[in-house]
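Descriptive analysis of the structure
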Amino acid sequence: MATSRLPAPRTPGHYRVALVCLGNICRSPMAHVVLESRLADAGLDDRVEVVSAGTGGWHVGDPMDRRAAATLSAAGYDPSRHRARQYDRTWPEAYDVVLVMDATNLDDVGGRTERVGLFRDLDPVDPGSEVPDPYYGGDDGFEEVLAMVERTSDAVTAELAAALEDPA
Ligand code: 4NP
């Protein structure tokens, strides 16, 4: 029987994941698009719901940062459907897991709990590290974020498959 490193879903057979950063225009949208792509590849897209949000509200309604979108497009993903939204403090009770990008995000959502942690807790390379904010840096920062997000999304997809197999 598979044992997941993610918490059990509240509703057996269905999993709801929330991804959180500061602005919801760079890191969590990139993670959102890549994780949804991995879930579709694994045939889990009908059982796993993914949302993303920023703890700040400055960009609500905006599309992805154009550098984040260009980095995703160049790697074969579709960034076009994203619109930024703001995190809601009720989400840890609504979603099965809330995965944030850095330590500031973790503080802003009220700290680590059984259902709240860092996205990179599941990164096979440097687990427990932050996804650095690429907003004020150069294009290579977005490439670095994509590499982290791709390998971590592979791991998250495997853990979601296990969480959906486990009896609730
Ligand atoms: P994100 O990056 O948290 O990865 O979306 C940022 C986007 C916007 C701002 C900061 C970080 N901002 O200050 O507007």
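Structural data are supplied above this passage.
The paragraphs below set out a description of the structure included in this document. (Residues numbered from 1 in each chain as written. Predicted model: local features only at pLDDT ≥ 70, side-chain atom pairs only at ≥ 80, totals over all residues. Heavy atoms only, no water.)

Side note on the pattern of salt bridges
Rule in force here: Here, a salt bridge means any side-chain nitrogen of Lys or Arg that lies within 4 Å of a carboxyl oxygen of Asp or Glu. Each helix is a run of H or I in the DSSP string that is no shorter than four residues. Each strand is a run of E no shorter than two, and both are numbered from the N terminus. A simple rule labels every residue: compare its accessible area, found with a 1.4 Å probe on the protein chains alone, to the largest value its type can have, and call it buried under 20%, exposed over 50%, or partly exposed in between.
Per the counting criterion, the structure on display carries 10 salt bridges. Its salt-bridge partner being Arg16, residue Glu49 comes within 2.9 Å of it at the nearest N-O pair. Here Glu49, found in strand 2 (residues 48-54), pairs with Arg16, found in strand 1 (residues 15-21); they are 33 residues apart in sequence, far enough to count as distant. The partly exposed category is assigned to Glu49, whose relative accessible area is 28%. Residue classification places Arg16 among the partly exposed residues on the basis of a relative accessible area of 25%. With its nearest N and O atoms 2.8 Å apart, the salt bridge here joins Arg120 to Asp123. The class for Arg120 is buried, based on a relative accessible area of 4%. A single network of salt bridges, built from pairs that share partners, joins Arg27, Asp102 and Asp133.

So, helix 1 (residues 27-41)
Put simply, the test is: Every helix has an expected span of 1.5 Å times one less than the residues it contains. Contact definition: two residues touch when any of their heavy atoms are within 4.5 Å.
Taking 1.5 Å per residue as the helical rise, helix 1 with its 15 residues ought to reach 21 Å, and the 21 Å between its terminal C-alpha atoms agrees with that figure. Burial within helix 1 is extensive, with 11 of its 15 residues counted as buried. Turning to helix 1, its buried residues are Arg27, Ser28, Pro29, Met30, Ala31, His32, Val33, Val34, Leu35, Arg38 and Leu39. Residues of helix 1 that are buried sit in contact with strand 1, strand 2, helix 2 (66-74), helix 4 (103-108) and helix 5 (139-165). Of the residues flanking the end of helix 1, it is Gly43, one or two places downstream, whose phi is positive at about 75°.

Side note on the site of the ligand
The condition is simple: We call a residue near a molecule or strand whenever a single non-hydrogen atom of that residue lies within 4 Å of it. Polar contact criterion, stated in full: a pair of N or O atoms within 3.5 Å, where within protein one must be able to donate a hydrogen and the other to accept it, and residues adjacent in sequence count only if both atoms are side-chain atoms. We call Asp, Glu, Lys and Arg charged. Ala, Val, Leu, Ile, Met, Phe, Trp, Tyr, Cys and Pro are nonpolar, and the rest, Gly among them, are polar.
Within the structure, the ligand sits among Cys21, Leu22, Gly23, Asn24, Ile25, Cys26, Arg27, His59, Asp133, Tyr135 and Tyr136. Residue Arg27 places a side-chain N or O atom 2.8 Å away from an oxygen atom belonging to the ligand. Here His59 contributes a side-chain N or O atom positioned 2.8 Å from an oxygen atom of the ligand. Across the shell around the ligand, the residue classes tally to six nonpolar, three polar and two charged.

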